[in-house]
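# A look at the structure
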Amino acid sequence: MSIIKTEGLTYVYGENTPFRKVALDNVDLEINEGEILGVIGHTGSGKSTLIQHFNGLMKPTSGRVLVDGEDFAADKEKLRAVRFKVGLVFQYPEYQLFEETVYKDIAYGPKNMKLDEQEIDRRVRETAELVGLDPEILDKSPFELSGGQKRRAAIAGVMAMEPRVLILDEPASGLDPQGRDRIFEIIKRYHEEKGSTVLIVSHSMEDIARLADRILVMNEGKVFCCAEPPAVFSRSTELEQIGLSVPQVTRVFNALNELGFGLPQDVYTVKYAEKVLRERLEQES
Amino acid sequence: MNNFIQAKNLKFSYINEMEEPPVKTEVLKDVTLDVKKGEFLAVLGHNGSGKSTLAKCFNAINIPESGTVTVNGLDTADEDNLLAIRKSAGMVFQNPDNQIVATIVEEDVAFALENLGVEPAEIRRRVDEALKTVGMYEYRLHAPHKLSGGQKQRVAIAGVIAMKPDCILLDEPTAMLDPRGRKEVMDTIKQLNREQGVTIVLITHYMDEAAQADRVVVIDEGEIMLDGTPKQIFSQVDTMKNLGLDVPQVTELCHRLRKAGCNLPADVITEEECVKALAQLLRKGAQP
Amino acid sequence: MLKDITLGQYFPGSSVIHRMDARVKLVLTIVFIVMLFAAHNIWGLMVGVAFTIISFAISRIPASMIGKSLKPIIPLVIFTALLNVLFVRTGDVYWQWNFIKITNEGVSTAVYMVIRIVCLIVGSSLLTYTTSPIDLTDAIERLLSPLKKIKVPVHELAMMMTIALRFIPTLIEETDKIMNAQKARGSELDTGTMGDKVRGMIPIFIPLFVSSFRRAEELATAMECRCYHGGEGRTRMKQMKTAMRDWVGCGYTAVFMAAVVVMNIVIK
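Residues numbered from 1 in each chain as written. Chains lettered and ligands numbered in written order. Predicted model: local features only at pLDDT ≥ 70, side-chain atom pairs only at ≥ 80, totals over all residues. Heavy atoms only, no water.

## Re the interface of chain C and chain A
The test is simple: Here a residue-residue contact requires only that any non-hydrogen atoms of the pair lie within 4.5 Å. Buried area: the accessible surface (1.4 Å probe) lost by two parts on joining, summed over both. When a carboxyl oxygen of Asp or Glu lies within 4 Å of a side-chain nitrogen of Lys or Arg, that pair is called a salt bridge. Between N or O atoms, a polar contact is any pair within 3.5 Å; within protein, one atom must be a potential hydrogen donor and the other a potential acceptor, and residues adjacent in sequence are included only when both atoms are from side chains. Put simply, DSSP marks the helices as runs of H or I at least four residues long and the strands as runs of E at least two long, and each gets a number from the N terminus on.
On the chain A side, the residues contacting the 18 residues of chain C number 23 residues. Both sides together, the interface formed by chain C and chain A hides about 1800 Å², and carbon and sulfur atoms give 59% of it. For chain C, the biggest contributors to the area lost against chain A are N180, A184 and R185 of chain C; these three give 36% of the whole. Counting every contact that joins chain C to chain A gives 1 salt bridge. A salt bridge links D105 of chain A to R185 of chain C, with the shortest nitrogen-to-oxygen separation between them at 3.1 Å. Put simply, chain C and chain A have 6 residue pairs in polar contact (both at pLDDT 80 or more) between them. For the side of chain C that touches chain A, the secondary-structure elements that each account for two or more residues are α8 (154–184) and α9 (194–225) of chain C.

Here you go:
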């Protein structure tokens with residue numbers, strides 16, 4: 001069952017100007033309910049434009065976007081409802097914090113949904129716990145928090161709306177390795193607890209490879225491929241040709257295969273690489 | 001003496017005057033570090049470890065609370081040395097948007113030279129040269145806000161190298177860039193280091209960038225924890241992980257296989273080394 | 001899209017007027033304004049009109065741009081014209097109804113005013129069309145530099161203008177991003193009463209202020225790192241040099257100015 005579906009989705013910037021640019025070119029796509037989909041593509045590949053169509057921030061030049069089987073583009077009421085159904089966390093979300101307290105900031109989305117006080121309170125506290133913000137932090141000003149805490153508070157603000165689809169644009173950018181791991185753990189936990197669909201946009205194949213059930217690769221406004229990670233990474237040379245960097249281990253395995261070792265071509269995590277090599281060594285000895 | 005930057009028992013705290021009484025946060029505790037002339041040094045550490053603060057001590061933006069920092073023999077605490085220090089140790093920051101001053105690329109590159117009162121003809125010559133070095137000459141008349149992140153950072157680097165500094169301090173210059181931009185910036189840095197002998201101090205939390213340096217320093221809670229070649233540092237996989245840092249994937253792979261009893265070198269940090277070591281291992285495995 | 005707004009009105013080109021020294025252009029524009037107000041009769045004004053048209057033709061700025069620069073001031077022009085028609089009560093009466101009296105002098109004053117305003121706007125927009133904002137800022141700084149002697153912070157003002165020009169597109173883009181982020185959290189920016197709209201702006205303005213302060217702080221540090229220490233001892237890469245074309249421009253303007261004076265004297 002697909003939660004988001006696009007049909008011939010096309011978006012053109014600056015139509016009728018010299019700066020005309022096709023950002024999305026006839027995109028047909030189905031996103032399954034409950035999956036984690038990694039979205040990859042270099043800057044200008046159309047991935048940011050694509051995700052902003054999913055919650056109606058952008059309107060297709062032609063083609064349709066269906067969320068939960070419904071085309072919401074024409075109906076203002078539905079457009080608002082879709083914002084709550086599809087939650088979007090932008091890159092560097094900490095720059096959107098504005099309330100006096102962290103509590104109020106996380107409550108901003110739920111409040112706009114016109115939920116009652118009790119429900120709002122439940123959601124704020126639950127999400128704060130989920131992202132690892134202590135209850136005493138909730139009464140602080142968001143501007144007093146550390147960089148990592150700010151990021152988590154901002155993500156909590158969208159998670160508290162409990163959207164059926166959560167989209168995160170580069171959720172870990174600018175963070176150190178520990179902060180990065182933490183963010184991905186939170187996303188994984190949210191996915192497990194709420195069972196919602198999650199889309200993660202990232203430049204980092206390593207990060208995507210760890211989490212995603214399927215990977216969507218965008219290139220020049222078109223879908224390059226959309227498949228499970230092994231199938232995507234087995235095309236690593238093509239990925240490098242379109243300017244994407246594949247994980248280091250994938251490159252190492254490609255090099256080993258060029259030397260004629262005949263190893264699997266779909267290796268993209270350290271763990272999997274270790275497993276493959278150990279099995280191979282055991283077999284031989 | 002070929003130490004370009006010398007920090008001796010450097011201590012630095014931020015004081016938040018907004019609070020009553022003012023709150024003092026100690027960021028650097030007793031740091032002693034030398035940076036050699038022509039060296040490519042990477043400084044690793046997680047957010048809040050004090051690595052950016054350290055970089056700002058190297059060009060007299062931060063003045064030590066106690067201890068001394070000298071740059072090219074000049075004490076950073078002496079006001080009269082300010083311009084000379086900043087001229088010889090230029091700095092590039094994380095956010096490309098917040099360090100470009102002018103509305104035209106070449107005007108921005110000229111900014112530092114204009115401040116230093118260099119002759120107009122000489123400015124012109126050096127600006128063109130700097131833009132060519134970073135490969136942005138064809139963009140000299142563009143508006144900075146229309147460039148990509150990597151291009152903006154290269155303009156910022158050009159603005160620094162136009163001063164003909166002996167050293168460039170880069171504070172997470174690639175943190176906000178995509179892989180393509182990161183590569184552009186890293187290539188530029190390495191080229192400056194190799195071809196022009198510019199001393200590089202690169203603050204980063206990308207392990208693969210640090211692996212390309214001559215020397216890596218790991219800083220944690222305002223203290224230097226590790227100091228050595230990339231091989232020496234990254235081979236300490238468990239220590240790095242405890243410090244909240246990472247190691248390159250290839251290092252981790254070899255580390256895991258070693259733990260499982262495979263005969264592999266401990267100091268694999270590049271893909272080529274990894275391929276070579278694994279190939280050897282697999283071949284040996286094939287001959288009982 | 002907000003970020004598509006181009007800043008200022010600069011219309012790049014390579015005409016003689018584009019290449020003229022910005023300082024000269026600035027001064028000549030002021031002379032032109034004086035010329036418009038010095039003209040006392042329709043012939044003098046026609047000289048001004050001719051000057052405007054010829055200059056525009058030389059600059060090769062498309063005529064459609066004239067319309068673009070005039071559009072915002074149409075209400076003002078109509079208002080001024082009406083005011084003059086209705087309130088100048090001397091001269092021969094054309095038409096009268098109750099207290100409304102339209103006279104020939106009223107009509108001619110109105111026509112003069114309209115021509116003056118239109119020429120003024122079109123002429124000065126020619127300056128902004130042919131001069132990039134940064135050149136204009138430079139020209140202002142250099143023309144005003146004698147004022148430094150009486151402690152006017154000319155350099156600082158010019159620096160502020162440059163930085164403002166540099167950051168306006170960045171901040172526009174940022175506003176766009178913040179608006180989208182808050183919309184994604186369900187804020188209603190475009191619906192509701194006036195009060196709702198004002199409240200709806202808070203989630204935009206606060207993050208924008210916070211980020212502007214952060215940017216300002218980072219920029220200040222970056223400028224310090226690049227040896228900025230005020231205007232003292234500063235040189236400039238681009239030297240403003242007057243060339244033959246600038247003197248030709250001056251001569252050309254002087255001829256028209258003289259023509260206006262002649263018209264004033266000859267035709268009473």
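Right, picking up where we left off after that structure.
## Section: the sheet that holds strand β4 (residues 62–67) of chain A
All names here are of chain A. Selection rule: For two strands to be treated as a pair, DSSP must find no fewer than two bridges joining them. What counts as an axis is a line fitted to C-alpha atoms, over the stretch in contact for a helix, and the angles between N-to-C directions run from 0 to 180 degrees.
Taken in spatial order, the 4 strands line up as β2-β1-β4-β5 in an open sheet, and their pairing is antiparallel. In this open sheet, the two edge strands, each paired with only one partner strand, are β2 (21–32) and β5 (70–71). Bridge count for strand β1 (residues 2–13) against β2 is 8 bridges, and the pairing is antiparallel. Within β2, the position partnered with T6 by the bridge is L29. Seen against the sheet, helix α1 (residues 47–54) touches β1, β2 and β4 and runs at an angle of roughly 55° to β2.

## Some remarks on the confidence of the model for chain C
Residue and element names in this part refer to chain C. Heads up, the condition is: Here pLDDT means the predictor's own confidence in every residue, given as a number from 0 to 100.
On average, residues of chain C score 85 in pLDDT, and 94% of them reach the 70 mark or higher. Ranking the helices and strands of chain C by mean pLDDT puts helix α2 (residues 22–38) first, with 91, and strand β1 (residues 93–97) last, with 79. When the criterion is pLDDT under 50, residues 1–7 qualifies, and its contacts beyond four places in sequence or with other chains add up to 9 contacts. Under the prediction, the complex receives an ipTM of 0.89, its pTM being 0.87.

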